[in-house]
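Architecture at a glance
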Amino acid sequence: CPYPGWAYGLDGALRGAPGMERTADFDKADWGLKPIRLETMGAYMFVNFDPDAAPLSDWLGDLPELLAPYALDDTVLVRRTEYDVACNWKVYVENFMDYYHTPTVHKTTLAATDLSAYHQNPPDTWIGKGEYLTLYAEHKGSAALLRGATGFPEMKTLTGPSAVGSTYVCAFPNALMAHPKDCLWYVEIHPTGPATMRLGVGAVFPRETAERPDFEEVVQQYYERWDVSVDEDNRINEQQQRGVSSPLAEAGRVSVMETASHLHRNW
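In this text, all values refer to a predicted model and were calculated from it rather than measured experimentally. (Residues numbered from 1 in each chain as written. Predicted model: local features only at pLDDT ≥ 70, side-chain atom pairs only at ≥ 80, totals over all residues. Heavy atoms only, no water.)

Before going further, it helps to examine helix 3 (residues 89-96). A large share of helix 3 lies buried, amounting to seven of its eight residues. Along helix 3, the residues classified as buried are Trp89, Val91, Tyr92, Val93, Glu94, Asn95 and Phe96. (Buried < 20%, exposed > 50% of the residue type's maximum accessible area, 1.4 Å probe, protein only. Helix = DSSP H or I, 4+ residues; strand = E, 2+ residues; numbered from the N terminus.)

Structure, rendered in structure tokens:
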């Protein structure tokens, strides 16, 4: 610690406490760093500050089973970016789980691909057997590329619905994960105030894909898609925050394409 100069081991134990030698009843063993719980679901890591909370497996329920075709244990994080966004965290969750805005906000980018599967009446949205919500749609190609871009082969482990579409997950309240056919990405949301948040976006690929000799060249196609869509979403979410902050704002009707957002609000 750069303030009093206390020193800790990599195990968190207090190793040195200069100036505390004459302090009564002071035992270094009582003053180590506080342990924090860490549990994983494949490549996803969950930190919990509550020592008395139930296990992560109780919270996620059958989500690991649903995501089993993506072989999360054999994936690697290849890039992580951060952004400061001037909106409430719930605004961003709604944005991630909603395709109603895509034809307007992403008119020249994501909307250039076929999103009709997401616009079924209603879309395939459900609360799982755990504290999570999913949005799924069948579609051709990869949901992680812009139109005309050429990416990596689809994952060899995919079966059933995962082989013909993409699965988006909101693990309550704010862990967001996207699972197309050739990669994964996740969105961390860290509230920093009632109208501000820090956003983290991680790009995850199968280990076999990341070890390809052409990986760094081809992956730029994916980075372009994420950078463009995140920028568009950040800007519209900040506008949305200003809108809902108006004294004239009131709740409106919900589209069938906003089913996931509605379920999240109810939760």
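This structure, assessed with the given rule, holds one cavity of 30 Å³ or more. Empty space within the largest cavity amounts to approximately 260 Å³. Residue lining of the largest cavity: 19 residues in total, with Phe96, Trp185, Arg225, Ser229 and Asp233 positioned closest to the centre. Elements with a contribution of two residues or more to the lining of the largest cavity: helix 3, strand 10 (184-193), strand 11 (196-206) and helix 6 (215-244). If you tally residues by element for the lining of the largest cavity, the top one is helix 6, at five residues. Here the lining of the largest cavity is built from residues that sort into eleven nonpolar, five polar and three charged. (1 Å grid on protein atoms, 1.4 Å probe; cavity = no way out; pocket = protein on both sides within 12 Å on 5 of 7 lines; lining within 4 Å. Points joined across faces, edges and corners; volume = space filled by probe spheres on them. Nonpolar A, V, L, I, M, F, W, Y, C, P; charged D, E, K, R; others polar.)

Of all the five residues making up strand 9 (residues 175-179), four are buried; the element is thus mostly covered by neighbouring parts of the structure. Here five bridges tie strand 8 (residues 165-171) to strand 9, and the two strands are oriented antiparallel to one another. The residue of strand 9 that forms the bridge with tyrosine 168 is alanine 178. Two successive antiparallel strands, strand 8 and strand 9, enclose a turn made up of three residues. The turn joining strand 9 and strand 10, which pair antiparallel and follow one another in sequence, is formed by four residues. (Pairing = 2+ DSSP bridges.)

This part covers the layout of surface pockets. Empty space among the atoms can be located by rolling a probe the size of a water molecule over them. Of the volumes computed, that of the largest pocket is approximately 930 Å³. In this structure, the largest pocket is lined by 32 residues; those nearest its centre are Met45, Phe46, Val47, Asn174 and Ala175. Counting only elements with at least two residues in the lining of the largest pocket, the list comes to strand 3 (37-41), strand 4 (44-48), helix 1 (56-60), strand 5 (75-85), strand 9 and strand 10. The residue makeup of the lining of the largest pocket, split by class, is 25 nonpolar, three polar and four charged. The volume enclosed by the second largest pocket comes to roughly 760 Å³.

Such coordinate-based values are descriptive only and should not be taken to indicate function.
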